[in-house]
Amino acid sequence: MKATQRSTQAQSANGDCLAPSSGVAQPPVSDQVAHVDELIGDATRFKRLDYDLVGTLAEEAYEIACQVDPGGNQYRYGMASALALLAHRCAALGEADNAMQHASEALALLDSHDPSPMLGDLYVTMGWAHYLLGDYVDAMNRLLVAQDIAEKINDRSLAAYVMDRIANVYHATSRASLALYLQRRAIAIQHELGDELGAALTMNNMTYSLMDLDQFDEALEVALEAMRISEEHGLTYLLMGVLDTLAEVHRRTGDLDTAAAYSLRSLRLAGEHHSEPDRGDALYTTALIALQQGRLDDALAAARDALAINTRHGRSIEEFYCHELLSRVQEQRGELGAALEHYRRFHDLERIRLNEETSSRLANLQVEHEVATARKDAEIHRLRSLALEQEVEQRRIAQAELEAQASLDALTGLFNRRHVSVLSQELRREMAQGHRASLILIDIDHFKEINDTHGHFAGDRALVSIARLLRENARDADTPVRYGGDEFLVLLAGTGAEKAKDIAERLRNAIESEPVRYRGASIPITVSIGVASVGPGSHQDMHDLIERADRALYAAKHAGRNCVVGESL
């Protein structure tokens, strides 16, 4: 359970999401308009600091804006602005249904849907509300619209917030490496803009990505920095989430006493500020710690309280995790009937949350986003090179875009076979500098049987899963490539034979450890891997290296599959 994946700052950092450029026609200035604008301005200044005050000010502004003036008009811009603030507040407090309702009403009040800070902010809020409800497909759809708006109006602050929200969707769907990549980019922008508070929120969410990638030292460092910023700026609601995050870091590293202390502090703050969602998160973490300490009665009580809060507030993701936790607690207590009931409820919620159609649509959206991101990164790199040559021409820019797109595999988001020519140049450079190099060639075992038995959709899911694992386990200098139908390769620059075989073995084990789930079935996936290495001064080219790796791969298959065979000179 990722407690602080719930947003505590669903608004744009620059504070201008309520600017008159929102597309709402402006009435003549009047006392009514001036009063509403003053209330909206005050609420905007406090939107990260005091959610109760924001709610009071926004509700008052909305009531005044709704009043009909002598000309028979309402202040529609003021109404939309107030509703946008209320939507942010509800999303920040985990009230997804109310956030959706307010955001939808604000959207309906807009006279124009031209790109604007307010429109982008509303789509972020709606995307976050869908996330809170566990509807990752609609969340991704709304967030991609917000991303497009941010790019069109060149709002880098909004773009950074959208990156963090998209990263949360990636993290929730087990793509931690991609989430971390986007979070690092968002933090870089926020630091550049001087948005320390936005960076603290992103750091807090980033902690979970780091933990899932077993980078616990950095996770602790990042979470402590988020806590420092939260305390320094009096961000009580963010602080509650950060304390819960720190409790989780220490719990996962086995420091249960420190974890319990952070969790207790978060729980007390949630009680003082009457924040039910934060209290539910802290109770869940408390239950996890108690279970790990063997205090089953305490774990049961805390988990039941967390479930009650999350059910009452319609927090389906948190409810999902509470049922899973209760099934474990009651199984250890010997209450097998109750444990089974909670497990059934957990399984039902899981089926609703991640059914086959949802998984397919989400995978397609994520691949589209990854491809778009990779294409933009490739384009930026190429344009910088062109700029250095002082030859930035439109036809060459267009060609750069086409080349970047053509080098990406649409299904997996990896580079495709066309990218081997780039790797060939890299190999020649390594050899010329007297370095070692190795190449890993990976083939999925019995891939045809997977397609024949479970269907091609299951086969596609296996390819996407392996691509994700290759990205997550690759070093910064490594570039995974989808070489053929069910073949992948990775060039390991500066890597000798023994280390390359160790890397290949880790990849093989990671893939074997993650079966593909499809239509209720768990499909085991294994791979055979061939490794070819060359030493300094070798005159072998990429074609020779691939050919030798292919021979080693054939030997791995001949040896019974699901193994690594290396060949070196």
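Computed from a predicted structure; not experimentally measured.

About the thresholds
- Every residue gets a number counted from 1 within its own chain, in the order that chain's sequence is written.
- Residues qualify for local features only when their pLDDT is at least 70, as the model is predicted, and side-chain atom pairs are given and counted only at 80 or more; totals for whole chains, interfaces and linings, by contrast, use all residues.
- Side-chain metrics rest on all non-hydrogen atoms present in the structure, leaving aside hydrogens and water.
- Interaxial angle, 0 to 180 degrees, is taken between N-to-C directions of lines fitted to C-alpha atoms, where a helix line uses only the stretch in contact.
- For helices the rule is a DSSP run of H or I covering at least 4 residues; for strands it is a run of E covering at least 2, with both sets numbered from the N terminus onward.
- Roughly parallel covers angles under 35 degrees, roughly antiparallel covers those over 145, roughly perpendicular covers 65 to 115, and oblique covers all other angles.
- Put simply, a crossing is left-handed when the front helix is turned counterclockwise from the back one by less than a right angle, and right-handed when it is turned clockwise.
- Contacts: residue pairs with any heavy atoms within 4.5 Å of one another.
- Each residue gets one of three labels from its accessible area relative to the maximum for its type: buried under 20%, exposed over 50%, partly exposed in between, using a 1.4 Å probe on protein chains only.
- Each aromatic pair joins two rings of Phe, Tyr and Trp (for Trp, the six-membered one) with centres within 6.5 Å, and gets the label stacked for planes under 30 degrees apart, edge-to-face for over 60, and tilted for any other angle.
- Only when the NZ of Lys or the CZ of Arg is both within 6 Å of the ring centre and within 35 degrees of the ring normal is a charge said to sit over the ring.

S.K.: Please clarify how the packing of helix H13 (residues 276–292) against helix H15 (residues 316–332) should be interpreted in this entry.
M.R.: Two numbers describe a pair of packed helices, the interaxial angle and the distance between the axes. Contact pair H13 / H15: the axes reach a minimum separation of 11 Å and the direction vectors enclose 25 degrees. If you check the angle between H13 and H15, you find them roughly parallel. Note on packing geometry: the crossing formed by H13 with H15 is left-handed. The segment H13 lies against H15, with Asp281, Tyr284, Ala287, Leu288 and Leu291 engaging Glu318, Tyr321, Cys322, Leu325, Arg328, Val329 and Gln332.

S.K.: Can you walk me through the environment of Ile149 in this structure?
M.R.: Looking at where Ile149 falls in the secondary structure, it is placed in helix H6 (residues 136–152). Taking the relative accessible area as the measure of exposure, Ile149 reaches 5% and is therefore buried. Counting along the chain gives 30 residues from Ile149 to Leu119, while the straight-line C-alpha distance between them is 7.8 Å. Setting aside chain neighbours within four positions, we find Ile149 in contact with Pro115, Ser116, Leu119, Gly120 and Tyr123.

S.K.: Just to check I follow, could you spell out the packing of aromatic side chains for this structure?
M.R.: Within a pair of aromatic rings, the relevant descriptors are the distance that separates the centres and the angle that separates the planes. Scanning all chains against the criterion turns up two aromatic pairs. On the basis of an interplanar angle of 55 degrees and a centroid distance of 5.8 Å, the ring pair of Tyr75 and Tyr77 is categorised as tilted. Taken individually, Tyr75 and Tyr77 each receive the classification buried, so the pair is uniform in this respect. Between the aromatic rings of Trp128 and Tyr131, the centroid separation amounts to 4.6 Å while the plane-to-plane angle is 15 degrees, which identifies the pairing as stacked. Separated by three residues within a single helix, Trp128 and Tyr131 lie in helix H5 (residues 117–132), roughly one turn from each other. Both residues of the pair, Trp128 and Tyr131, count as buried. Over the face of the ring belonging to Trp128 we find Arg165, whose NZ or CZ atom lies 5.0 Å from the ring centre. Directly above the ring of Tyr483 sits Arg417, whose terminal nitrogen or CZ lies 3.9 Å from the centroid.

Worth remembering: the numbers are spatial, not functional.
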